[in-house]
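Understanding the architecture of this molecule
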4 protein chains.
Amino acid sequence: MDDGLNALLFASPQMREIFCVERQLRCMLQFEWALMAALESHGLAEEGSAAAVAALVDGGFVDREVLRQEAVAAGNVVIPLLRQLQQQLSSTPAARALHLGATSQDVLDTALVLQLREAVAVLQDTARKLEMALTRKVATHARTLLSGRTWLQGAPPTTLGLKLAGTLVALRRHRARLQAAAQGALVLQFGGAVGTLSVLGEHAAGVEADLAQHLQLPVAELPWHTQRDGLVELAATLGVLLGSLGKLARDLALLMQTEVAEVAEAKQAGKGGSSTMPHKQNPVGCAAVLAAATRAPGLVATMLAAMPQEHERGLGNWQAEWETLPELCSLAGMALQRSLEVVEGLQVNAARMRENLDASLGRNMAEAVSAALAARLDRVTAHELVRRATAMSQLRGTPLGEVLQQMPEVTAHLDAEQIHRLLDPENYLGSTARFLARVLGENDADA
Amino acid sequence: MDDGLNALLFASPQMREIFCVERQLRCMLQFEWALMAALESHGLAEEGSAAAVAALVDGGFVDREVLRQEAVAAGNVVIPLLRQLQQQLSSTPAARALHLGATSQDVLDTALVLQLREAVAVLQDTARKLEMALTRKVATHARTLLSGRTWLQGAPPTTLGLKLAGTLVALRRHRARLQAAAQGALVLQFGGAVGTLSVLGEHAAGVEADLAQHLQLPVAELPWHTQRDGLVELAATLGVLLGSLGKLARDLALLMQTEVAEVAEAKQAGKGGSSTMPHKQNPVGCAAVLAAATRAPGLVATMLAAMPQEHERGLGNWQAEWETLPELCSLAGMALQRSLEVVEGLQVNAARMRENLDASLGRNMAEAVSAALAARLDRVTAHELVRRATAMSQLRGTPLGEVLQQMPEVTAHLDAEQIHRLLDPENYLGSTARFLARVLGENDADA
Amino acid sequence: MDDGLNALLFASPQMREIFCVERQLRCMLQFEWALMAALESHGLAEEGSAAAVAALVDGGFVDREVLRQEAVAAGNVVIPLLRQLQQQLSSTPAARALHLGATSQDVLDTALVLQLREAVAVLQDTARKLEMALTRKVATHARTLLSGRTWLQGAPPTTLGLKLAGTLVALRRHRARLQAAAQGALVLQFGGAVGTLSVLGEHAAGVEADLAQHLQLPVAELPWHTQRDGLVELAATLGVLLGSLGKLARDLALLMQTEVAEVAEAKQAGKGGSSTMPHKQNPVGCAAVLAAATRAPGLVATMLAAMPQEHERGLGNWQAEWETLPELCSLAGMALQRSLEVVEGLQVNAARMRENLDASLGRNMAEAVSAALAARLDRVTAHELVRRATAMSQLRGTPLGEVLQQMPEVTAHLDAEQIHRLLDPENYLGSTARFLARVLGENDADA
Amino acid sequence: MDDGLNALLFASPQMREIFCVERQLRCMLQFEWALMAALESHGLAEEGSAAAVAALVDGGFVDREVLRQEAVAAGNVVIPLLRQLQQQLSSTPAARALHLGATSQDVLDTALVLQLREAVAVLQDTARKLEMALTRKVATHARTLLSGRTWLQGAPPTTLGLKLAGTLVALRRHRARLQAAAQGALVLQFGGAVGTLSVLGEHAAGVEADLAQHLQLPVAELPWHTQRDGLVELAATLGVLLGSLGKLARDLALLMQTEVAEVAEAKQAGKGGSSTMPHKQNPVGCAAVLAAATRAPGLVATMLAAMPQEHERGLGNWQAEWETLPELCSLAGMALQRSLEVVEGLQVNAARMRENLDASLGRNMAEAVSAALAARLDRVTAHELVRRATAMSQLRGTPLGEVLQQMPEVTAHLDAEQIHRLLDPENYLGSTARFLARVLGENDADA
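Sequence positions are assigned chain by chain, starting from 1 and proceeding in written order. Key to labels: chains lettered from A, ligands numbered from 1, both in the order written. Local features in this predicted model are restricted to residues of pLDDT 70 or higher, and side-chain atom pairs are both shown and tallied only at a pLDDT of 80 or more, whereas totals for entire chains, interfaces and linings draw on every residue. To obtain the side-chain values, all non-hydrogen atoms of the structure were used and water was disregarded.

**Let's talk about the overall build of chain A**
Comment: elements are numbered from the N terminus, with helices defined as DSSP H or I runs of at least four residues and strands as E runs of at least two. A count of helices and strands for chain A gives 19 helices and four strands. Against the globule reference of 22 Å for 447 residues, chain A gives a C-alpha radius of gyration of 30 Å, more extended than a compact globule. Once the C-alpha set of chain A is aligned to its principal axes, its extents read approximately 100 × 50 × 40 Å. Contact definition: two residues touch when any of their heavy atoms are within 4.5 Å. Taking as baseline every contact in chain A between residues at least 6 positions apart, the subset at least 24 positions apart corresponds to 75%. Of the roughly 13,600 Å² of accessible surface on chain A, a fraction of 50% belongs to carbon and sulfur atoms. One way to put it: in chain A the 39 positive side-chain charges average out to a point 9 Å from where the 48 negative ones average out. Here the globule rule reads 2.2 Å times residues to the power 0.38, and the radius of gyration is calculated from C-alpha atoms. Residue-level accessible areas treat just the shown protein chains as cover; the underlying method is Shrake-Rupley with a 1.4 Å probe. Charge counting follows a simple rule: Lys and Arg are positive, Asp and Glu are negative, and His as well as the terminal groups are ignored. Here the site of a charge means NZ on Lys, CZ on Arg, CG on Asp, or CD on Glu.

**Concerning the interface of chain B and chain A**
Contacts between chain B and chain A engage 94 residues on the former and 94 residues on the latter. When two parts are brought into contact, each loses some accessible area as probed by a 1.4 Å sphere; the total of that loss over both is the buried area. Around 7,900 Å² of area is buried between chain B and chain A when both sides are counted, 60% of it from carbon and sulfur atoms. Taken as a group, Trp151, His311 and Arg379 of chain B account for 10% of the area that chain B buries against chain A, more than any other trio of residues on that side. Counted as salt bridges are all cases of a side-chain nitrogen of Lys or Arg within 4 Å of a carboxyl oxygen of Asp or Glu. At the boundary of chain B with chain A, the tally comes to 16 salt bridges. Glutamate 208 of chain A is paired through a salt bridge with arginine 434 of chain B; the nearest N and O atoms lie 2.8 Å apart. Polar contacts, as counted here, are pairs of nitrogen or oxygen atoms within 3.5 Å of one another; within protein the pair requires one atom able to donate a hydrogen and one able to accept it, and residues that are adjacent in sequence qualify only if both atoms are side-chain atoms. Between chain B and chain A we count 44 residue pairs in polar contact (both at pLDDT 80 or more) in total.

**Here we look at the pattern of salt bridges**
Inspection of every chain in the model, using the stated rule, returns 136 salt bridges over all chains. For the salt bridge of glutamate 327 of chain A with arginine 295 of chain A, the shortest nitrogen-to-oxygen distance reads 3.3 Å. With glutamate 327 of chain A in helix H12 (residues 324-344) and arginine 295 of chain A in helix H10 (residues 284-305), the pair connects residues that are 32 residues apart, well separated along the chain. Here glutamate 409 of chain B ties to arginine 388 of chain B by a salt bridge, and the two come within 3.4 Å at their closest N and O atoms. Of this pair, glutamate 409 of chain B sits in helix H17 (residues 408-411) while arginine 388 of chain B is found in helix H15 (residues 379-396), placing the two residues 21 residues apart along the sequence. Note on glutamate 409 of chain B: relative accessible area 33%, which makes it partly exposed. When accessible area is computed with a 1.4 Å probe and restricted to protein chains, residues below 20% of their type maximum are described as buried, those above 50% as exposed, and intermediate ones as partly exposed. A relative accessible area of 37% places arginine 388 of chain B in the partly exposed class. Salt bridges sharing common partners tie together Glu131, Arg172 and Arg175 of chain A together with Glu221 of chain B.

**Focus on the domain arrangement of chain A**
The domain boundaries here were taken from an automatic or database domain assignment. Each domain of chain A was delimited in the assignment, giving domain 1 (1-102), domain 2 (103-187 + 224-359 + 432-447) and domain 3 (363-422). Domain 1 of chain A and domain 3 of chain A are separated by 74 Å when their C-alpha centres are compared.

**Remarks on the interface of chain D and chain A**
With 65 residues of chain D at the contact, the number on the chain A side is 65 residues. The interface formed by chain D and chain A includes four salt bridges. Among the ionic pairs, arginine 16 of chain D bridges to glutamate 65 of chain A, the shortest N-O distance being 2.9 Å. Only helix H2 (21-41), helix H4 (64-74), helix H5 (78-89), helix H10 (284-305), helix H11 (317-321) and helix H12 (324-344) of chain D provide two or more residues apiece to the side of chain D that touches chain A. In terms of residue count, the dominant contributor to the side of chain D that touches chain A is H10 of chain D (nine residues). Each residue gets one label: Ala, Val, Leu, Ile, Met, Phe, Trp, Tyr, Cys and Pro are nonpolar, Asp, Glu, Lys and Arg are charged, and the others, such as Gly, are polar. Taken together, the residues that form the side of chain D that touches chain A break down as 31 nonpolar, 23 polar and 11 charged.

**A closer look at the state of the cysteines**
Residues and elements named next belong to chain C. Count a disulfide wherever a pair of cysteine sulfur atoms falls within 2.5 Å. In total, this model carries zero disulfides over all chains according to the counting rule given. There is no disulfide at cysteine 27, and the cysteine sulfur nearest it, in cysteine 20, is 9.1 Å away. Cysteine 27 gets classed as buried once you look at its relative accessible area, which sits at 2%.

**Thoughts on the pairing of strand E1 (residues 145-150) of chain D**
Residues and elements named next belong to chain D. In terms of residue burial, E1 counts as a mostly covered element, since six of its six residues are buried. At least two DSSP bridges between two strands are required for those strands to pair. When E1 meets strand E2 (residues 153-159), the two strands line up antiparallel, connected through six bridges. Following the sheet pairing, threonine 150 is matched in E2 by glutamine 153. What sits between the antiparallel neighbours E1 and E2 is a turn of two residues, in which tryptophan 151 has the positive phi angle 55°.

**As for the packing of H10 of chain A against helix H10 (residues 284-305) of chain B**
Their axes nearest at 8 Å, the elements H10 of chain A and H10 of chain B cross at an angle of 155°. Here H10 of chain A is positioned roughly antiparallel relative to H10 of chain B, judged by the angle of their axes. In terms of crossing hand, the pair formed by H10 of chain A and H10 of chain B is right-handed. From H10 of chain A, Pro297, Val300, Ala301, Leu304 and Ala305 of chain A reach across to H10 of chain B, where they touch Pro297, Val300, Ala301, Leu304 and Ala305 of chain B. A fitted line through C-alpha atoms serves as each axis, taken over the contacting stretch for helices, and the angle formed by two N-to-C directions is quoted from 0 to 180°. Reported orientations rely on four angle classes, namely roughly parallel under 35 degrees, roughly antiparallel over 145, roughly perpendicular from 65 to 115, and oblique for the rest. Crossing handedness: left-handed means the near helix sits turned counterclockwise from the far one by under a right angle, and right-handed means the same turn made clockwise.

**Observations concerning the relation of the copies chain B and chain A**
Between chain B and chain A, which share one sequence, the superposing operator has a rotation angle of 180° and an axial displacement of 0.0 Å; the RMSD is 0.0 Å. Given the turn and translation reported, the copies of this chain are related as if by a two-fold rotation axis. Take the interface residues of chain B: 100% of them recur as interface residues in chain A, which is what a same-surface contact looks like. Copies overlap after least-squares fitting; the atoms used are the C-alpha atoms of residues with pLDDT of at least 70 in both.

**Describing the environment of valine 107 of chain B**
Residue and element names in this part refer to chain B. Locating valine 107 in the fold gives a position in helix H6 (residues 104-140). For valine 107, a relative accessible area of 1% translates into the label buried. With 85 residues separating them in the primary sequence, valine 107 and glycine 192 have C-alpha atoms 9.9 Å apart. Those residues in contact with valine 107 that sit more than four places away from it in its chain are Met28, Phe31, Glu32, Val78 and His99.

**Considering the environment of alanine 437 of chain D**
Residues and elements named next belong to chain D. Structurally, alanine 437 can be placed in helix H19 (residues 432-440). Classification of alanine 437 as buried rests on a relative accessible area of 7%. Through-space distance from the C-alpha of alanine 437 to that of alanine 139 is 9.5 Å; in sequence the pair is 298 residues apart.

**Thoughts on the relation of the copies chain D and chain A**
For the pair chain D and chain A, the best superposition has an RMSD of 0.0 Å and corresponds to a rotation of 180° with a translation of 0.0 Å parallel to the axis. A high fraction, 100%, of the interface residues of chain D reappear at the interface in chain A, so the copies pair face to face through one surface.

**Some details on the packing of aromatic side chains**
Only the six-membered ring of Trp is used, alongside the rings of Phe and Tyr, when aromatic pairs are assigned; centres must lie within 6.5 Å, and planes under 30 degrees apart are stacked while those over 60 apart are edge-to-face, with the rest tilted. If you walk through the whole model with that rule in mind, you get 12 aromatic pairs over all chains. Ring geometry for tryptophan 318 of chain D and tryptophan 322 of chain D: centres 4.9 Å apart, planes at 90°, overall edge-to-face. Both residues of the pair, tryptophan 318 of chain D and tryptophan 322 of chain D, belong to the buried class. Counting every residue linked through ring pairs, the aromatic cluster contains Phe10 of chain A together with Trp318 and Trp322 of chain D. Looking at arginine 295 of chain C, its charged tip hangs above the ring of phenylalanine 10 of chain C, at a distance of 4.8 Å from the centre. Charges are assigned to positions over rings by a cutoff of 6 Å between ring centre and Lys NZ or Arg CZ, combined with an angular limit of 35 degrees from the ring normal.

**What to know about the confidence of the model for chain A**
All names here are of chain A. Taken residue by residue, chain A gives an average pLDDT of 95. The fraction at 70 or more is 98%. A low-confidence stretch, residues 443-447 (pLDDT under 50), is modelled with six contacts involving residues beyond four sequence positions or located in other chains. With a pTM of 0.97, the predicted complex shows an ipTM of 0.96. Confidence scores here are pLDDT values: one per residue, from the predictor, ranging 0 to 100.

**What to know about helix H6 (residues 104-140) of chain C**
Residues spaced three or four apart along an α-helix point in a common direction, a consequence of the helix completing one turn every 3.6 residues. Helix span is expected to be 1.5 Å times the residue number reduced by one. With 37 residues, H6 of chain C extends 53 Å from end C-alpha to end C-alpha; this agrees with the ideal 54 Å at 1.5 Å per step. Of all 37 residues that make up H6 of chain C, 26 are buried, and the element is covered over most of its length.

**What to know about unusual backbone geometry**
A negative phi angle is the norm for most residues apart from glycine, just as the trans form is the norm for most peptide bonds. Its identity as a non-glycine residue notwithstanding, histidine 99 of chain A has a phi of 70°, on the positive side. Following the sequence through the fold, histidine 99 of chain A ends up in the loop between helix H5 (78-89) and helix H6 (104-140). The phi angle at histidine 311 of chain D is positive, at roughly 45°, despite the residue not being glycine. Position of histidine 311 of chain D among the secondary structure elements: in the loop between H10 and H11. Using a relative accessible area of 2% as the deciding quantity, one classes histidine 311 of chain D as buried.

Structure, rendered in structure tokens:
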């Protein structure tokens, strides 16, 4: 976890805490304590051993800079941590059995799992809040018309509710995915040197079960030291979630453009200003989310690339995970939090939405006329007729309706009122209400 | 799908067929046919329209080079395809209603889903076969000892069965993940211009349901044109699967090294030779799998990066998916197939495994002695004592057992027979049998 | 190279040809011919051998499907290609010496280099044309005012010329980089089985030199079979180029938004239409460029990930390059070509640019006033004063100038005319002319 | 920059210092000081202003936690930093002109450039040392034979010197590339709000020149705020460098495998041990380098993906660079340092290399015999003859030489002594000496 000046720009305070140095130390020490407790209850450690370790679980004794220095030669932080811990325990019954049966990777992987468990809980909680906030906005803006836009070009209308509903249903899927991925990833790693728990002999099953119980983690079907699919699935799930949040942020940022001005992030003192331009209200929330979405693909790729870990412990690839997965969690935590703030505080300018819609002089509605004509003529003729009408409307700056009313090929089939009705966006929302009823679970699509 | 000289190196024949030009055309035309049938049964197309389209679903009429040329200006292949199709239908009742209510993306996305459905079936089928092959090998080699290796250095023993079991249980997880991801991704996309199905008005629900039924696809909660999480989850799932297969391939390739020589790919005429070295039997199966695993992270990253698709249709990012997801499917199909061949044909040299294990002169077993001593002394003293013994053993080329028997600090606690027993790899498999019983579902871990 | 329906969407016709099957075969056969000629002139092949191979360089004899099939077991296409070639040569003097001294990788790598040489020439040529087109537009629009935009929010003005000049100078840098990267990558690979040219003994130096000369390639300092930095630098260079083109395309696509409408891609029959919306003129050129820019990072990552190739020939990683680098070349070729078309055909609506600028009612110019006041008050006070003024302007929809003229704190320092002058965008272009003079190499920045 | 427990595992101490919080603050404040000095000398700031800022450049006054908090709403750290700085300066002449003419991005980008300049100097210095260390090893082991290995299978011999020379010449190329990339990236960014330097009016050129001179940075052709190719080229160059170092580390790690044991990292107390296995000497140096090489592709991909930055300031993509590029520098610094230690301390077991070579019973030399026969028979016949011989040798465990001497088809062309000579690895080094002479610049390839 980064402690640089940008720390809070790329992590939520909660995530920063979960992945801070203190917490990582505590999780590793918690593993050693839980193992000691399990050993003790199977007679593999003297009475009082677990208590001796318990007193040190807060990690206050650790000289971190020495630990960092020694980790370079040792290859990981567990070895120097055990050295310092052993010194603390030298005069206690725990000295003999410390770490018995385990290997460094058991400590590192399981400590990571403990941190991830907290992280996932925070992520799920924030995701749930975001879901609720989105649900409210979807309901409120179920009929708030705005221009549809495809290829960044004006298109027939949709509603802000339907637009946000897309993210809402994606978010529901993400919550289910995250739960499934967490179930696969949040599992005890305990295998000893090569995954056979050999040191513990016949006591292995019992120690394994007790250790898992002390940490409230499920036992894995097999030690997974070099089978990383559970962790990587979790990483990928966060990546996909960030992609969906990026989509939301990009859409909102586009709607916030000065020339579009249909929505805005909530105003707040000191927010989104500029060091030189006094008028600025930058969409900083969306920017933060997009930054996370931009960084996620590379981080997920790293996790995937690190999967072919050699034999019973990887050489370089396992190590490549260490900063990458916490980074992804932080970005996801921050992005959910910022998305929540953006959605909750979203200022919607429905009048401007209507203005922008009308500014196309009906051209965005061309499809409606074309479809109506296709039923009388044929598809190609109708399409071409209306294409010519829109080109003329654009060239002359004349409303499409007027142009159409001057085309005999059109008026042969549609009278003025029909044209008028076809060009009214309110009449062209199609299944919007039906879709939103599905999403909001209403029985009556007319609501 | 690539038709270059390397086509079959990076795709299985089945995948090559699923993603070939003919099939893509047929799937797109199938969409148009199913839509026409739905329109017809709702009175939105004249009788006989669906039949007219049905006659063209094989795509034989398509001038592909013209289609490729026109797609450049049009921005996608559906627009020129519809032009050619419309020409074919010009004198039929279908001319009027062709494509009514749909947009290009509906065709492209749903056609892709149809191809993916076939691809997933093939992947699952091959994965199932691979699971069976692995299960057999795990059972056969449950007790075939070989050196454990961590950081590519000799470590206490494991068995080939346990080693392969890691991949086996990962593969079971992958099959479940693939099923879940497929369920999320294999869904009809049908939204019209902006996802509101406006053209179809009140008929939308009925046409949507019929279209889905004709294609035997579920209806989505909402059109997902710019919510790509389902597709990307599928892509990520394939990426994680390829990571696990890469792990298997890397391990086997390392075991096949001339200096290790513990396993070999099945021999076959023309396989793994060299253009210049007559003695070569290269592990080409493993290489192909590793190539796929090396390419997957970048492809998954592309899918993730393409997620923030603007408003109601993306600009550049949607298009970035078009070749990327089929590529991932092909690589996964090939890698599963090659893994299956490698595992089924795997030649195991158990004698050599034992030789390599014994070549460490007992040093790989150092942990066993250290753990035994730790119970009598303390952990640090025991570790240091045995460390010195292994250093001496290595320096002098003397078996570790002999060195230990000459150290009074050791012999004070362990007699010659105890040392001998501790250094016997057969006695140091720990929970291996127990773990394999879990995996193979045997009731008796003693087997 | 993909021969799918999207082939031309992701490759220029020229690139498609360079990386087609025929060309790859010809390049590999060219290597074998050039080697044979070198062998012949050093007495290592019988007279007439080179001529015999020369007659087959067009590759017409190759059964490609058989080649694809056999490549799967062989591990690469060279081995089966040599088998077919040898059959053709069986009754000629060339039969004895074919491929003498070389290994498959020599053929594959050098053939790739030959293809890359052509690709780089095309890329440089198109880049040069794009540079010229941009230069013209920069000169033409040196003083065409439009709103600056930061964080997608209105900001002080810039000119279209200066905006495009950013891409222009980047493109100049890219051309230099591409030349440097090409110089490093376009080098003969010739090392035999392990890079020692052992088969050729004392003749190696001569054969190496002649081979290089026949192919007009420089000799490498060392065979580079597993040192891929040259190729990967080329790949990365293409990736960075695509990033710059993506920036151009994104900016133009944003300016083309219906609500902004400041520029447009050239109109053309059949271009940028929709299968259902008759009014559409989608920015398909920009979309294609953005698709390429979206795909490039993953492909470059693959090339980087494939670099640690084992010992004297990689296992899986070398193979991962085979489709990846040609793909990058194709995308770069297409993106340059499409960018050229977009820039050359760019329709600029200067009036609309001015309208959008004015629509901020002077708020985009707030910095000018703030800076003027800061010289009299202090920076913070000035910034805060103007911030309040812009907020009031926005709230009331009143021009900023009017608001300012009603603030005594402002009018104490600035009179109406001064305020008016400060708010005129024409007066606030700063170094624009000076910068463009640098770029266009004019002596007189006033031009 | 990460301050976690793994900080030193993924950064060298020097890199950690360059990218620490203190240094980042100082570089940003240095920019503000240099700007103030430039303003002062052009009469845009009162006398004494620069001195007032100079006294604060060490950043001791900054409340970092407040800065981090405020940065979240502000969108970057410069805005809150300026607030704190302004407070310090409130009673000084500098209050009025602070930051005049600049924007946040000018500060952030130029401060990054200042940090990068130091980082590149360190990288070049370490790369030079590594080059020297490699040169020594190449010279020392120019004739130290070991098995060539292709596809991880035994192949004809090479020498350790030639093997390392591959990395040596790549490293030379990397140093040149890094210099070129640094030249392109280490440039002043100074453009004001939108890149026109409007606030400074006619003084812009002078202030720009002075600012650049104070920071000893070149002036850019144009402000490059949204043209990131220079930075991304630097990132890519580091990525390619890490790929080459990864290749070296992978090769050495493979040679260090217990079963190969041809080289070892230098022994050192506390190095490469295990928390449970007393005999372990893990190749931790190689692992660290490989971890960096595994992480680089994803980070480079992020930099590439962030390139299409919108208009005059990006939304999310610029921000995605902030932690990514420093991370890459750190990984490169660490990987160079660890590579240097590994190469300098490399323990070479030449006897073991010879043993491993001889263990193939001559089969690795098959190509030599095949080539000799091909000159008499033809290529295919010779290859097939020797292939059969090697198969028999392997099956029976008989030396290839004996097998060959019993094959009349062989002995018709080669007598026992010829066969013996052909199978001697010492006679089969081909151009090794010639190549090394090229690399080491010796005049006499016979040396």
